[in-house]
Amino acid sequence: MLSYIIRRILLMFPTLIGMTFIIFAIVRMAPGLTTSGGMYTAGMLQSHQSQLAQQRFMARRLHLITRNGKPIPIAIQYVRWINRIIHGDLGTSIEFSEPVTKLVLQRLPVTLTINLISMVIIYLIAVPGGVLAAIYRGRLVDRIFGLGSLVLYSLPIIWVGSMLLGFLANPSFLNVFPSAGLHSTNTSKMSYFQFVFDYAWHITLPVLCLSYGGFAYLAKQVRGSYIDNLQQDFTRTARAKGLPPSTVLLRHVTQNSMLPMITIVGMTLPGLLGGSVIVEQIFSIQGMGRLMFEATYARDLPVIQSLALVTSAITLVSYLMVDIAYHMVDPRVTYD
Amino acid sequence: MTNLTAMPELSASAALPPPRGYWAVAMRKLLRPLLVKLCVLYIAAVLVISVLVPFIATGKPYIISLHTAHGLVTRYPLFADLTTRDYLTFLTAGMLIALAAIWRLTARVDLLRRRKLRWVSALTCISATVIAGVLVASLHHNQFDGTNYRHLMKSGRATGAIFAPIPWGYAQMEPLGRQAVNEMPSWRHWLGTDRSGRDVLSRMLWASRVAMGIGFVSQFIALSLGIIVGALMGYFSGVCDILGMRIVEMVEAIPTFFLILTFIAVFGRSTLMIMIILGVTGWTGYARFLRAEFLRIRQLDYIVAARASGAPLHSVLFRHMLPNGLTPVLVSASFGLAGAVTIESSLSYLGIGVRPPTPSWGGMLNAAGNPATVFHWFQALPPGFVLFLTVLAFNLVGEALRDAIDPRSFS
């Protein structure tokens, strides 16, 4: 067990290094980053605003070039970047003028909480649905659930999000839900339960938007694996022994059908993180997705490359945990 | 399509048939292909509209007679107004139709001649299109025609005109005197107007061109990349496979949307760039699929036989393996298309997609106002619904195709 975990972690490092390389390569391809010199210096400095713009522009160009203004080789830039990451320094944001590490630490918990809650909801609905669909295979329940989850999967988040916000959080229609943020303004006066209720009230619509699309894939996998296992010999034996159907389902089939459920935890998280960019923007939640959007809009390259790195690190760690859980459930499985 | 969907019915009846009444069987036999047929029809309609939209939704009349100093003059403003991009779109669509027709017509010819015939005619077709495209791009100049032809008609300076079915261009605003901003649907504007007084229906139809263009081109790029990498990994296996899979894993470890945003921040966001970005970020799934298929097919007897009989590498790869391994990849391209359309509209909704005067379904949703304060639902409903229908149609067709080629997943 321990040796498997260690080997698995060691196997993660080449991927991690390659990934940093990809991110670095993309960001380094930005036009005008590798050479110094200003095209903004002439005739653009009338107002304070354009001075600021010019400063930002130069900062964007020069944030990886030495203080003497001479470009340094790309390989050394890469090594320095990695070195700074190892020391916990992700650079300074151009747009927010703050260390990126601080920004990420502020916003990561928000996004992770919402995503984990959505994931739990997805599992709570998709797994029973998939099991029901497998049991009543080919019947009406199966059809409706299959088609319904596909329809939900196809509903664009941007449309559902703006419709929900427009009809349920709008003074001119129904003003039931708050339209922005995660907390009311007077949180300091609230008791603990009021605080939790307020939080739940605020995240209802965002979590709804994040989770409704996730049912389809998971439910389909669960259904497929239950159908496979319902036809196995051991299930027939268990039935032939005269065990009640519930015991057969829970003890014999479920335990063997857990593998796909575990795998999908790892595969859902990157998708949810991507979806949270849109959801956080629609519902004005100060999370990592919104930070990514703002950074993209402002071409804030230090923030962008750090966020790409952080999210992919989260993804890799979730893959790792999935593999370890997989190994615990079924020790026969080894990495290929 | 019907052959494919009919196939699993046979194999499914062999494996543990669930008890089903006559009505249920009949309904399913009827409904399932009907739904898929509807989806295919819908996609075809959207494609046709996206190609022919300059003739459907524009403020320029097909033909108009003007009173000038020289007497009555007949003009064709719509045809004079076609841009280079329009001509290139028509050329590409024509080429694809011609290629399909060639394939269809040569299906009956005997094998040896068919191969030669197809190659020659396809190459002629493609090169003719490329030459025509280069000619159009270099010779044709876009003309800006700001004439208000409705006003000309009204003031009596023109007699007799034939207008397009939806007589509004995608960027055409109502004249300044008329307060026509954020109008509800009316006879003048069937789906109302947006915040700049532009016709919502016309913009919606024009946006289908952006969606379909970005969807198909980006998936074409992704498919080409994925097929090349996947085929290399699957055929040569060994070191090639290990290295390739590590690269695929590295790219997949970065959440797609974040990767796309990184690309956009670095390379900008012209329509062409978004096509390339979606293609470059979306190939890993195809590569995985084709690799798995190739690893399976490699072991099959007919490949071993082909290799043992000394068939050259390109023959084994392209003649024996690729046609058999490509089907699941092409099926998953349907889901890829749905994903690309969704991502394109999400980017436009966020304001980092195609640039504003170009209509996009996502951009129109965004233009419907801030949902929390002023929300013009009649502007947000139609583009969102069309976007949903398009994504759903691609997903349903993909699902049906996957069920059809994989009898095990059939219920």
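Computed from a predicted model, the values in this text were never measured in an experiment.

## Focus: the overall build of chain B
- What chain B contains, in helices and strands, is 15 helices and 3 strands.
- With 411 residues in all, chain B has 37% of them scored as buried.
- In chain B, the share of contacts with a sequence separation of at least 24, taken over all contacts with a separation of at least 6, comes to 69%.

## Let's talk about the nonpolar core
- Membership of the largest hydrophobic core comes to 144 residues, with the highest contact counts inside it found for L307(A), I260(B) and Y286(B).
- It is helix α7 (residues 200–236) of chain B that provides the largest number of residues to this core, a total of 16 residues.
- Mapped onto the domain boundaries, this core takes at least three residues apiece from domain 1 (2–86) and domain 2 (105–329) of chain A.

## Some remarks on the sheet that holds strand β3 (residues 158–162) of chain B
Residue and element names in this part refer to chain B.
- The strand order across the open sheet formed by 3 strands is β2-β1-β3, and the pairing between neighbours is antiparallel. Of all strands in the sheet, those with a lone pairing partner are β2 (71–75) and β3, marking the two edges. The mean angle between the axes of side-by-side strands here comes to 20 degrees, regardless of whether they run parallel or antiparallel.
- In terms of strand pairing, strand β1 (residues 63–68) meets β2 through 5 bridges, oriented antiparallel.

## Observations regarding the environment of L389(B)
- Mapped onto the fold, L389(B) is located in helix α15 (residues 377–405).
- Separated by 167 residues in the primary sequence, L389(B) and A222(B) have C-alpha atoms spaced 23 Å apart.

## Let's talk about the interface of chain A and chain B
- Taken together, the contacts link 50 residues of chain A with 44 residues of chain B.
- Listed by contribution, the elements that provide at least two residues to the side of chain A that touches chain B are α1 (2–28), α5 (140–154), α6 (157–168), α11 (258–282), α12 (288–298) and α13 (301–329) of chain A.
- Residue composition of the side of chain A that touches chain B, grouped by class: 31 nonpolar, 16 polar and 3 charged.

## A look at α5(A)
- Taking 1.5 Å of rise per residue, 15 residues should cover 21 Å, and α5(A) covers 21 Å from first to last C-alpha, within 8% of that figure.
- Considered for burial, the residues of α5(A) that qualify are D142(A), F145(A), S149(A), Y153(A) and S154(A). Down the axis of α5(A), the sector holding all buried residues measures 165 degrees, keeping them to one side. Exposed and facing more than 90 degrees away from the buried side of α5(A) are L140(A) and I144(A).
- Structurally, α5(A) contributes buried residues whose contacts are with α4 (100–135) and α8 (215–230) of chain A together with α13 (313–350) and α15 of chain B.

## Concerning the packing of α7(B) against helix α11 (residues 284–298) of chain B
All names here are of chain B.
- The N-to-C vectors of α7 and α11 enclose an angle of 35 degrees; their axes lie 7 Å apart at closest approach. Here α7 and α11 pass one another in a crossing that is right-handed. Note on element contacts: α11 touches α7 through Y286, A287, R288, F289, L290, R291, E293, F294, L295 and R298, opposite A222, L223, G226, I227, V229, G230, A231, M233, G234 and Y235.
- Class assignment for the residues of the contact of α7 with α11 results in 13 nonpolar, 3 polar and 4 charged.

## Some points on α6(A)
- Here α6(A) is 12 residues long and its end C-alpha atoms lie 16 Å apart, about the 16 Å a rise of 1.5 Å per residue gives.
- The element α6(A) is largely enclosed, with a buried count of 9 among its 12 residues.
- Listed as buried for α6(A) are I157(A), I158(A), W159(A), V160(A), G161(A), S162(A), L164(A), L165(A) and G166(A).
- Those residues of α6(A) that are buried lie in contact with α7 (192–211) and α11 of chain A together with α13, α14 (361–367) and α15 of chain B.

## Topic: the domain arrangement of chain A
Residues and elements named next belong to chain A.
- Here the domain parsing of chain A yields domain 1 (2–86) and domain 2 (105–329).
- At the interface, 14 residues of domain 1 touch 13 residues of domain 2.
- The leading source of residues in the side of domain 1 that touches domain 2 is α1, at 11 residues.
- Looking at the side of domain 1 that touches domain 2 residue by residue, the class counts come to 9 nonpolar, 3 polar and 2 charged.

## A look at the environment of L392(B)
- Residue placement: L392(B) occurs in helix α15.
- On the neighbour-count criterion, L392(B) (19 C-beta atoms within 10 Å) is partly exposed.
- Separated by 54 residues in sequence, L392(B) and A338(B) have C-alpha atoms that sit 7.6 Å apart.
- Residues within four places of L392(B) in sequence aside, it is in contact with V151(A) and S154(A).

## A short note on the environment of F193(A)
- The topology assignment puts F193(A) in helix α7.
- Here the alpha-carbon distance between F193(A) and T92(A), two residues 101 residues apart in the chain, equals 38 Å.

## Here's the deal with unusual backbone geometry
Residue and element names in this part refer to chain A.
- A positive phi angle, close to 50 degrees, is found at S97, a residue other than glycine.
- Turning to its location among the elements, S97 is positioned in the loop between α3 (74–86) and α4.
- A residue is classified by how many C-beta atoms lie within 10 Å of it, and S97, with 9 of them, is exposed.
- The backbone of S284 shows a phi angle near 50 degrees, a positive value even though the residue is not glycine.
- Tracing the backbone through its elements, the reader meets S284 in the loop between α11 and α12.

## So, the confidence of the model for chain B
Residues and elements named next belong to chain B.
- Per-residue confidence for chain B gives a mean pLDDT of 84, with 90% of residues at or over 70.
- The lowest-confidence element of chain B is helix α1 (residues 2–14), averaging 46 in pLDDT; the highest-confidence one is α7, averaging 92.
- Reported confidences for the modelled complex are a pTM of 0.86 and an ipTM of 0.85.

## Details of the pairing of β2(B)
- For β2(B), a buried count of 0 out of 5 residues is recorded, marking the element as mostly open to its surroundings.
- In sequence, β1(B) turns back onto β2(B) through a hairpin of 2 residues.

## Overview of the packing of α6(A) against α11(A)
All names here are of chain A.
- Two elements in contact, α6 and α11, have axes separated by 10 Å at closest approach and are oriented at 20 degrees. It follows from the interaxial angle that α6 and α11 lie roughly parallel. Once α6 is placed against α11, the crossing between them reads as right-handed. Of the residues in α11, those touching α6 at I157, I158, G161, S162 and L165 are G275, I278, V279 and I282.
- Classifying every residue of the contact of α6 with α11 gives 6 nonpolar, 3 polar and no charged.

How each quantity is defined
For every chain, the first residue of the written sequence is number 1, and numbering continues from 1 along that sequence. The lettering of chains begins at A and the numbering of ligands begins at 1, in the order of writing. The predicted origin of the model limits local features to residues at a pLDDT of at least 70 and limits the giving and counting of side-chain atom pairs to 80 or more, whereas totals for whole chains, interfaces and linings rest on all residues. In this description a helix means any DSSP run of H or I spanning at least four residues, a strand means any run of E spanning at least two, and both kinds are numbered starting from the N terminus. Buried residues are those with 20 or more other C-beta atoms within 10 Å of their own C-beta, exposed residues have 12 or fewer, and partly exposed residues lie in between; C-beta atoms are placed from the backbone. Contacts here follow a simple rule: the backbone-placed C-beta atoms of the two residues must lie within 7 Å. Buried Ala, Val, Leu, Ile, Met, Phe, Trp, Tyr and Cys residues whose C-beta atoms connect them within 7 Å together make up a nonpolar core. Domain start and stop positions are those given by an automatic or database domain assignment. Any two strands are treated as partners once DSSP identifies two or more bridges connecting them. Simply put, an axis is a line fit to the C-alpha atoms, just over the touching stretch for a helix, and the angle between two N-to-C directions goes from 0 to 180 degrees. For this scheme, ten residues count as nonpolar: Ala, Val, Leu, Ile, Met, Phe, Trp, Tyr, Cys and Pro. Four count as charged, namely Asp, Glu, Lys and Arg, and the remainder, Gly too, count as polar. Multiply 1.5 Å by the residue count of a helix minus one, and that product is the helix's expected span. This arc describes the spread of directions from the helix axis toward the C-beta atoms. Crossing handedness follows the turn of the near helix against the far one: under a right angle anticlockwise gives a left-handed crossing, and clockwise gives a right-handed one. pLDDT measures how confident the predictor is about each residue, on a scale from 0 to 100. By definition in this entry, angles of less than 35 degrees are roughly parallel, angles greater than 145 are roughly antiparallel, angles of 65 to 115 are roughly perpendicular, and the rest are oblique.

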